[in-house]
Amino acid sequence: MALIVQKYGGTSVANPERIKEVARRVARWQAQGHQVVVVVSAMSGETNRLLGLAKQISASPDPRELDVIAATGEQVTIGLLCIALHEMGRKARSYTGAQVRVLTDSAFTKARILAIDERNIRADLDSGNVVVVAGFQGVDEGGNITTLGRGGSDTTGVALAAALKADECQIYTDVDGVYTTDPRIVPEARRLNHVTFEEMLEMASLGSKVLQIRSVEFAGKYKVRLRVLSSFEEEGKEGPGTLITFEDDIKMEQPIISGIAFNRDEAKLTVLGVPDRPGIAYQILGPIAEANIDVDMIVQNVGHDGTTDFSFTVPRGEFQRALTILNDQIKPHIGAREAVGDNRICKVSVVGVGMRSHVGIASRMFRTLAEEGINIQMISTSEIKISVVLDEKYLELAVRVLHKAFELDEIRA
Ligand code: ADP
Ligand code: ASP
Ligand code: MG
C-alpha cells in the first residue's frame, strides 16, 4: 500500500463530467489499496474570472481581499469532487487550506507555506477516506486567507506530499508529461521520460508553466518523488509521464540539452549615457528594488568616454512603473542621458545539465538564430542554461529552429 498525493489542474476539473472522470481515476487508485490525497485547482478560467470581478470594481484592489475571492474557486471543486466520489460509494472529505491548516506567511497573493498540520488528513486516510484538499491556498498566523501565487496548486500538492512523506506526488494536467518545449508551440516536441530537478527548476523559472517553480523547489528540498501525467488518457492506458529525478539517479547517457523554455512576460529597460563610476548599478537598481519590482537579466556595457549603457529586464506588468522611476528619479539623480524601454520582447532559453561537460552550445544557439536573421538583444548564462532576449515577434520561430538545431525532436522518451 502506498500513500499517493494526486494534484489535478484546472482543465482536469473544468466541468462536472471531468470531475466525475477524476473521481473514477482516484477511486481506482484507492481500490488498488492505496491511500489517496487529492489536491484540486479551480475549474479552468475560474480564477481569472474571480480576479476579473474585483478588477471591475477597483484598479488596485486590496490583496487581502483578492485572496478571499480567489480562494473560493478551489473551494467549489473540492466539494464537487467529494460528492462525485460519494456517488461512487467512496468515503471522501474535503478541506480548504485553512481547515487543514496550511500555515503560510502573510504575503497576500504570493504567500509561502511555512508548515502543514497533517494530523486530520492522516486520521481521515486511516479511516478509509479519500482526502480532497483545495490547492493554491492557506491561512496565516492571524487567520487570514492567503493564496500561493498563480499555478500554486502544484505547490500545495508537493508540500502535502512532503508533510505526509507520501510515496509519490502525481501532477495530473492536460499534457502527458514534461516536454522538450511547450507542445502548443512546437508540435514536434517530445515527452521526456525523466528530467532532473535542476533542469526542471530552470525550465519552470524560465517560463515553462507546466509546474510552478516553488513546487519544484519543495520537491528538491524534501526529496519528494514528483511525476507529471495526463488526466486525459484513457483508463488503463496511461503512460508513465515524466519523473523528476536527481541527476545521480540517471544512469543512462543524458541528452546535452533537455528543453527550451520561453517567457513573454518580460520587458527591457535601458539607461543610456550612464557615468561609468563605482556604485552606479546600485543607484539604478536600488530604487527599482525598493519599489518591489523584480529584476531578471542585467547587462552593463563596457564603458566608453566615461559613460556606459545599462540594461535590465522586469516583469511586463511592471514596465510602466519601472520606466517612470527611471525617468523621474534615477536619470536626474545620476546624470544619465536617457532612459528607454521596450515591452515587446521575449526570453528564450536552452536548458540542459549536459552543458557542463560540452562546449559549443552557445555558439550553436547563436549561429542558429543568426541564420534566421534573429537579432539577440541580451544574453545571460548559468552552468546549465543560456538565455537570450529577442524581439517578441521571433519567439515561435526561435523556439522551433532551436528545437531542431539541438535535435530535440529526435529524443526517444
Ligand atoms: P494545469 O491547469 O493542469 O495546472 P497548466 O496550464 O498550468 O496546467 O500547465 C500545463 C501546460 O503547460 C500545458 O498545456 C502546456 O501548454 C504548458 N507547457 C509549457 N511548457 C511545457 C513543457 N516543457 N512541457 C509540457 N507542457 C508545457
Ligand atoms: N487556480 C489557481 C490559478 O489559476 C491555482 C492553480 O490552478 O494552480 O492560478
Ligand atoms: Mg498549472
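Here, the structure is the one placed above.
For the structure given in this document, a descriptive report is provided here. As the structure is a prediction and not an experimental result, all values here were calculated from the model. (Residues numbered from 1 in each chain as written. Chains lettered and ligands numbered in written order. Predicted model: local features only at pLDDT ≥ 70, side-chain atom pairs only at ≥ 80, totals over all residues. Heavy atoms only, no water.)

**Describing the sheet that holds strand β10 (residues 194–196)**
In spatial order, the strands read β3-β6-β2-β1-β9-β11-β12-β10; together these eight strands make up an open sheet with mixed pairing. Across the chains shown, the open sheet's two edge strands, defined by having one partner strand only, are β3 (92–95) and β10. Between one strand axis and the next, the sheet turns through 20 degrees on average, direction left out of account. In this structure, strand β1 (residues 3–8) lies alongside strand β9 (residues 168–173), joined through five bridges in parallel fashion. Bridge assignment links V5 to a residue of β9, and that residue is C169. (Pairing = 2+ DSSP bridges. Helix = DSSP H or I, 4+ residues; strand = E, 2+ residues; numbered from the N terminus. Axes fitted to C-alpha atoms, helices over the stretch in contact; angles between N-to-C directions.)

**What about the packing of aromatic side chains?**
Centre-to-centre distance and the angle between the planes together describe a pair of aromatic rings. A full pass over the atoms with the stated rule returns four aromatic pairs. When the centroid spacing of 4.4 Å and the interplanar angle of 35 degrees are considered together, the rings of F197 and F246 count as tilted. Of the two residues, F197 is situated in helix α7 (residues 197–205) and F246 in the loop between β12 (242–245) and β13 (259–263); the sequence distance between them amounts to 49 residues. Between the NZ or CZ atom of R18 and the centre of the ring of F232, over which it lies, the distance is 3.8 Å. (Phe/Tyr/Trp six-rings, centres within 6.5 Å; stacked < 30°, edge-to-face > 60°. Lys NZ or Arg CZ within 6 Å of the ring centre and 35° of its normal.)

**Notes on the site of ligand 1**
The immediate surroundings of ligand 1 are formed by 18 residues, with T173, D174, Y179, D182 and R184 found nearest. Backbone polar atom of G10 to an oxygen atom of ligand 1: 3.2 Å apart, as the coordinates give it. Y179 is positioned such that a nitrogen or oxygen atom in its backbone is 2.8 Å from a nitrogen atom of ligand 1. Across the complex, the protein chains shield 84% of the 570 Å² of accessible surface that ligand 1 would expose by itself. Tallied by class, residues from the shell around ligand 1 come to seven nonpolar, six polar and five charged. (Near = heavy atom within 4 Å. Polar contact = N/O pair within 3.5 Å; in protein donor to acceptor, adjacent residues only side chain to side chain. Areas by Shrake-Rupley, 256 points an atom, 1.4 Å probe, with all protein chains shown as cover. Nonpolar A, V, L, I, M, F, W, Y, C, P; charged D, E, K, R; others polar.)

**Considering the sheet that holds strand β14 (residues 266–275)**
Across the sheet, four strands lie side by side as β15-β16-β14-β17; this open sheet has antiparallel pairing. Two strands in the sheet have a free side with no partner beyond their single neighbour: β15 (298–300) and β17 (338–342). Sheet twist, expressed as the mean angle between neighbouring strand axes with direction ignored, is 15 degrees.

**Structural notes on the site of ligand 2**
Taken together, S41, A42, T47, E74, F136, R150, G151, G152 and S153 are the residues near ligand 2. In the environment of ligand 2, a nitrogen atom lies 2.8 Å from a nitrogen or oxygen atom belonging to the side chain of T47. Taking 260 Å² as the accessible area of ligand 2 by itself, protein coverage stands at 85%. A class-by-class count of the residues in the shell around ligand 2 yields two nonpolar, five polar and two charged.

**Topic: unusual backbone geometry**
In this model, T109 sits at a positive phi of 70 degrees, which is unusual for a non-glycine residue. Structurally, the position occupied by T109 is in the loop between β4 (102–104) and β5 (113–116). Owing to a relative accessible area of 32%, T109 belongs among the partly exposed residues under this scheme. With a phi close to 55 degrees, D305 is a non-glycine residue in the positive phi region. (Buried < 20%, exposed > 50% of the residue type's maximum accessible area, 1.4 Å probe, protein only.)

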